[in-house]
Amino acid sequence: MTNMLFGKNLVSIDDISLQNLNLIFTRTEEMKKLVKEKGGDSRLKGKILAALFFEPSTRTFSSFISAMQRLGGGIIPLNGMTNTSIEKGESFEHTVKVFSTYADCLVIRHPQVGLPKKSCLYSTVPVINAGDGIGEHPSQAIYDTYTIFKHFPHKKELIVSLVGDLKNGRTVHSLAKLLAKTNRKIHFNFISPKILKMPEEIKRNVALYHHKIDETDKLSEKVGMSDVLYVTRVQKERFTKLIEYEMVKSYYQVDSQILKNAKKELIIMHPLPIAAGEINTELDTDPRSIYLTSQLQNGLYVRMALLDLILRKESNG
Amino acid sequence: MTNMLFGKNLVSIDDISLQNLNLIFTRTEEMKKLVKEKGGDSRLKGKILAALFFEPSTRTFSSFISAMQRLGGGIIPLNGMTNTSIEKGESFEHTVKVFSTYADCLVIRHPQVGLPKKSCLYSTVPVINAGDGIGEHPSQAIYDTYTIFKHFPHKKELIVSLVGDLKNGRTVHSLAKLLAKTNRKIHFNFISPKILKMPEEIKRNVALYHHKIDETDKLSEKVGMSDVLYVTRVQKERFTKLIEYEMVKSYYQVDSQILKNAKKELIIMHPLPIAAGEINTELDTDPRSIYLTSQLQNGLYVRMALLDLILRKESNG
Amino acid sequence: MTNMLFGKNLVSIDDISLQNLNLIFTRTEEMKKLVKEKGGDSRLKGKILAALFFEPSTRTFSSFISAMQRLGGGIIPLNGMTNTSIEKGESFEHTVKVFSTYADCLVIRHPQVGLPKKSCLYSTVPVINAGDGIGEHPSQAIYDTYTIFKHFPHKKELIVSLVGDLKNGRTVHSLAKLLAKTNRKIHFNFISPKILKMPEEIKRNVALYHHKIDETDKLSEKVGMSDVLYVTRVQKERFTKLIEYEMVKSYYQVDSQILKNAKKELIIMHPLPIAAGEINTELDTDPRSIYLTSQLQNGLYVRMALLDLILRKESNG
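Starting afresh in each chain, residues are numbered from 1 along the sequence in its written order. Naming scheme: in the order in which they are written, chains are lettered from A and ligands are numbered from 1. Reporting in this predicted model follows two pLDDT cut-offs: at least 70 for local features of residues, and 80 or more for side-chain atom pairs to be given and counted; totals over whole chains, interfaces and linings ignore these cut-offs and use all residues. Hydrogens are left out, water is left out, and the side-chain values use all remaining heavy atoms of the structure.

## What to know about the domain arrangement of chain A
All names here are of chain A.
Move 1: Residue ranges assigned to each domain were obtained from an automatic or database domain assignment. Domain annotation for chain A reports domain 1 (13-137 + 297-311) and domain 2 (138-291).
Move 2: Domain 1 and domain 2 are separated by 25 Å when their C-alpha centres are compared.
Move 3: The interface of domain 1 with domain 2 comprises 27 residues on the first partner and 27 residues on the second.
Move 4: Summed over both partners, the interface of domain 1 with domain 2 comes to about 2500 Å²; 60% of that surface belongs to carbon and sulfur atoms.
Move 5: The largest per-residue losses of area from domain 1 upon contact with domain 2 belong to Ile 13, Ile 134 and His 137, which jointly make up 28% of the total buried on that side.
Move 6: Take a side-chain nitrogen of Lys or Arg and a carboxyl oxygen of Asp or Glu: if they are within 4 Å of each other, that pair is a salt bridge. A salt bridge links Glu 136 to Lys 177; the shortest N-O distance between them is 2.6 Å.
Move 7: Polar contact criterion, stated in full: a pair of N or O atoms within 3.5 Å, where within protein one must be able to donate a hydrogen and the other to accept it, and residues adjacent in sequence count only if both atoms are side-chain atoms. At the junction of domain 1 with domain 2, the criterion picks out 16 residue pairs in polar contact (both at pLDDT 80 or more).
Move 8: Helix and strand assignments follow DSSP, with helices taken as H or I runs no shorter than four residues and strands as E runs no shorter than two, numbered in order from the N terminus. Broken down by secondary-structure element, the contributors of at least two residues to the side of domain 1 that touches domain 2 are helix H1 (18-38), helix H2 (59-70), strand S4 (127-132) and helix H10 (294-311).
Move 9: At seven residues, the largest contribution of residues to the side of domain 1 that touches domain 2 is made by H1.
Move 10: In the scheme used here, Gly and all other residues not listed as nonpolar or charged are polar, with Ala, Val, Leu, Ile, Met, Phe, Trp, Tyr, Cys and Pro taken as nonpolar and Asp, Glu, Lys and Arg as charged. Of the residues in the side of domain 1 that touches domain 2, the class split is 10 nonpolar, eight polar and nine charged. By definition, residues are in contact when any of their heavy atoms lie within 4.5 Å. Note on terms: buried area is the combined drop in 1.4 Å-probe accessible area of two parts once they are placed together, counting the loss on both.

Put into structure tokens, the structure is as follows:
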């Protein structure tokens, strides 16, 4: 299979074809095996990843720099980007050009929607969007989708309930878009407070592929039918009015009580961190909860696969 | 010799048997040779160390990440841990679980006693305590002990004077506990201001092994007999009452005058940094001072040995 | 050719002989080829670079840690150095001694002139000055000179115009000193506001080699004759009186208008970041502008060459 990801940007789910997705999933399997057997190897020796996080992060930042080094590459680890030339007045364009000279790939997180996409105009090396404000977070969506498909390898139709702040949650934007374009039939439940509904643009995008969409603010109505319960945190930093945040921050609290009618095969996912009690800690040890196990582990494997495919032309591991 | 440290935690001196200590010392000799000859090698290729410093550090942080990379491993370098999901409300348990997914070993420093031990409950990979408040600092104690034994290879009985803040100093807690369980006979002098005496628990622990203990606040009485003078800084950050700190911060000032009756073979040690004049800079070039030379160098070699033993099953170098 | 840079410090242009400069340029060519073909290799495996930036930086910091890792070495990346033992009261001497124990080379940036030089007294490993206040920035001068010579390989006489804050700009200090000692004949134009003139000491140093020097505050008079227009930012952080900064910050604005009489072969350089409009963005795409292309790229190659020569005795690549 030709590696069509080599040298390409990954800033949006729009950059991912079904064929590419399969390529990534195959490479992810190899990476999982590699990590379990040896931790990693030297295939990206001499290559450098610049992790430019204009918004601080722990897990995405750490998993990308872990992934890069497990494959033998080096890192420019800039988490927070407060010590930068931007403070001296440098344009974003110049900053991007500078780093694309030092590094072979840029992983960019930015509080502003569209900045990673904009940086592709300036960069001479591939750019990966690691989250842009309320925009997208494609690598997260890829490993979420991988995780769902691995848990239900034979199920052609899946009922996926996305819960929480669907308006501002970039992970659910990317996930809905990506699931929609796969070869599975998805019944989406978009479950959110009324002021935090899934944006029309995402719904239109999903509808293009003829998936069923239900929208509600009542979680309890949808738990029983779900194969996947994908819960998100209401992110304080996305609200301009604190009062709106206070009104909705504890809107959903997933606990064993609400799960009493849930399927045995249900999987409970979360992009982490779980912050405001949106999933009760009693569920951490529930076998249906995979946010601290396979979902999290797959994040590392998928990011290794992405870096390998984007940075190495050879299509074999 | 079987590598009994493989996959094990190192959070307290209680985790170290005499047999393990000998294993570490043997590997340390190999590491010293490796660094001098080649700087390092690739034995930990593909492995990742997460350095999670919830309290900022310079030397411990830097020596662990240097040690890991000299052996070919990669790093997640988080010094200060201010940019973390913890600020978003994530539990410590989840943070530990996340990093134990990305990394093969966690090195944790935390201002709160017991947090590194607690993290072992959650982590799926080995944890090394790099200092927990006034608790322990086992890797420091191991290289201090290694240094003392290397300087006195044949002396069966040693007079070791620990000087300074013995109440809050985690290095002296770990060192006393470790020296006590070796096969040398130790005469301990615990020299501190009255309000900063060695905790009863540590003294009981030492007494178990039938070592002699003298306690005093008079340094001058004990200098002449000492083989080892281990001086510590009075750490402002450990005091809740500033007035108590001011009373004792300059209690001991080791200089050439106080050393006039000292043995020629004496070694003067300090865990660094030397901050408040507790050792006069005139002693930096005294041949008996080893805090900037062999003691410091052994820190790197011991940490390389620990990472190698904990991360690689093979018991040979 | 014997590698005379092995184990040596690089704190000032005074440390560079013409013979060493040729050695660096030859190695730089090899590095350029290496990066283009493979990204890097493993020749510095087991070696550690401590990047001790007591003043925050983006590009110099990132290019040094990229360079080190492209050659297989590891890094102690301390940008900002706020989390340090210095806050606990440790002396600069001790800090340097500590890092020279953990690392094989120290790259030091410091706001105070002379600190990198001073650190050579304490360090047991080579020190590279990555910029000391208004002092020097030798690695920048080396890649600037390399860039100029590559663009004019056969021109024995060059007209080089240095523009901007020549008083406080460490890059122009180092560049003037280095160009002066090469085997090219240079006609220097020192173009600055009257309060920001090139220091006498630098002018004397340049005059030693019998180069022509013109000084003026009128940029327009000198543009037409120039082969090289080296523009610098007026750095706010170097001014003690804000009013003086405000008076001169926009003194020069290089744009297409002022270039209307410029030579076709002119090259426009800048050490970056461009901050206050000293070069109009319209010139970014002018083929004569090389500050975002070859000048920047050469920074990486030259720093790789320097690290390779300083850290490996073998004189061949």
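Now that the structure has been shown, we can carry on.
## Section: the sheet that holds strand S5 (residues 157-163) of chain B
All names here are of chain B.
Move 1: Taken in spatial order, the five strands line up as S7-S6-S5-S8-S9 in an open sheet, and their pairing is parallel. Across the chains shown, the open sheet's two edge strands, defined by having one partner strand only, are strand S7 (212-216) and strand S9 (267-269). Averaged over all pairs of adjacent strands, the angle between strand axes in this sheet comes to 15°, irrespective of strand direction.
Move 2: A pair of strands is treated as paired once DSSP finds two or more bridges between them. As defined by bridge partners, S5 adjoins strand S8 (residues 228-231) across four bridges and the pair is classed as parallel. When the bridges of S8 are listed, Val 163 appears paired with Val 231.
Move 3: Note on geometry: axes are C-alpha line fits, over the in-contact stretch for helices, and angles between N-to-C directions span 0 to 180 degrees. Together, S5, strand S6 (185-191) and S8 form the strand contacts of helix H6 (residues 170-180), whose direction differs from that of S6 by roughly 160°.

## With respect to the sheet that holds strand S4 (residues 127-132) of chain B
All names here are of chain B.
Move 1: One open sheet holds the four strands; their spatial order is S2-S1-S3-S4, and the pairing between them is parallel. With one partner strand each, in any of the chains shown, strand S2 (74-79) and S4 form the two edges of the open sheet. Between one strand and the next, the sheet's axes are offset by a mean angle of 10°, whatever the strand orientation.
Move 2: Pairing between strand S1 (residues 48-53) and S2: six bridges, direction parallel. Its bridge partner being in S2, Leu 52 is matched across the sheet by Leu 78.

## A closer look at the interface of chain C and chain A
Move 1: Across the boundary between the two partners, chain C contributes 30 residues, which contact 24 residues of chain A.
Move 2: Carbon and sulfur atoms make up 55% of the area that chain C and chain A hide from each other, which totals about 2300 Å².
Move 3: Where Arg 59 of chain C meets Glu 90 of chain A, a salt bridge forms, and the shortest distance between an N and an O atom there is 2.5 Å.
Move 4: Applying the counting rule to chain C against chain A returns eight residue pairs in polar contact (both at pLDDT 80 or more).
Move 5: Elements supplying a minimum of two residues to the side of chain C that touches chain A: helix H2 (59-70), strand S2 (74-79) and helix H10 (294-311) of chain C.
Move 6: Of the residues forming the side of chain C that touches chain A, the biggest block, eight residues, is contributed by H2 of chain C.
Move 7: Residue composition of the side of chain C that touches chain A, grouped by class: 12 nonpolar, 12 polar and six charged.

## Concerning the interface of chain A and chain B
Move 1: Contact with chain A, which involves 30 residues of that partner, is made by 23 residues of chain B.
Move 2: Summing both sides of the interface, chain A and chain B together bury roughly 2300 Å²; the carbon and sulfur share of this comes to 55%.
Move 3: Seen at the junction of chain A and chain B, the total is two salt bridges.
Move 4: Inspection of the region where chain A meets chain B yields eight residue pairs in polar contact (both at pLDDT 80 or more).
Move 5: For the side of chain A that touches chain B, the secondary-structure elements that each account for two or more residues are H2, strand S2 (74-79) and H10 of chain A.
Move 6: In terms of residue count, the dominant contributor to the side of chain A that touches chain B is H2 of chain A (eight residues).
Move 7: A per-class count over the side of chain A that touches chain B returns 12 nonpolar, 12 polar and six charged.

## Some remarks on the packing of aromatic side chains
Move 1: Pairing of aromatic rings covers Phe, Tyr and Trp, the last through its six-membered ring, and needs centres within 6.5 Å; plane angles under 30 degrees mean stacked, over 60 mean edge-to-face, and all others mean tilted. On inspection of all chains with the given rule, the structure shows 22 aromatic pairs over all chains.
Move 2: Note on Phe 99 of chain A and Tyr 102 of chain A: the rings are 6.3 Å apart at their centroids and 85° apart in plane angle, and the pair reads as edge-to-face. Here Phe 99 of chain A and its partner Tyr 102 of chain A are both found in helix H3 (residues 92-102), three residues apart, which amounts to about one turn of the helix. Taken individually, Phe 99 of chain A and Tyr 102 of chain A each receive the classification buried, so the pair is uniform in this respect.
Move 3: Note on Phe 25 of chain C and Phe 149 of chain C: the rings are 6.4 Å apart at their centroids and 85° apart in plane angle, and the pair reads as edge-to-face. With Phe 25 of chain C in helix H1 (residues 18-38) and Phe 149 of chain C in helix H5 (residues 138-151), this pair connects stretches of sequence that are 124 residues apart.
Move 4: Exposed residues in this analysis have more than 50% of their type's maximum accessible area, buried residues have under 20%, and partly exposed residues fall in between, with area computed by a 1.4 Å probe over protein chains only. On the basis of relative accessible area, Phe 25 of chain C is assigned to the buried category, the value being 12%.
Move 5: Put simply, the rings of Phe 25, Tyr 146 and Phe 149 of chain A touch in pairs and so form one group of aromatic residues.
Move 6: Cation placement over rings: the criterion is NZ of Lys or CZ of Arg within 6 Å of the ring centroid and within 35° of the ring normal. We note Arg 184 of chain A situated over the ring of Phe 149 of chain A; from NZ or CZ to the ring centre the distance is 4.2 Å.

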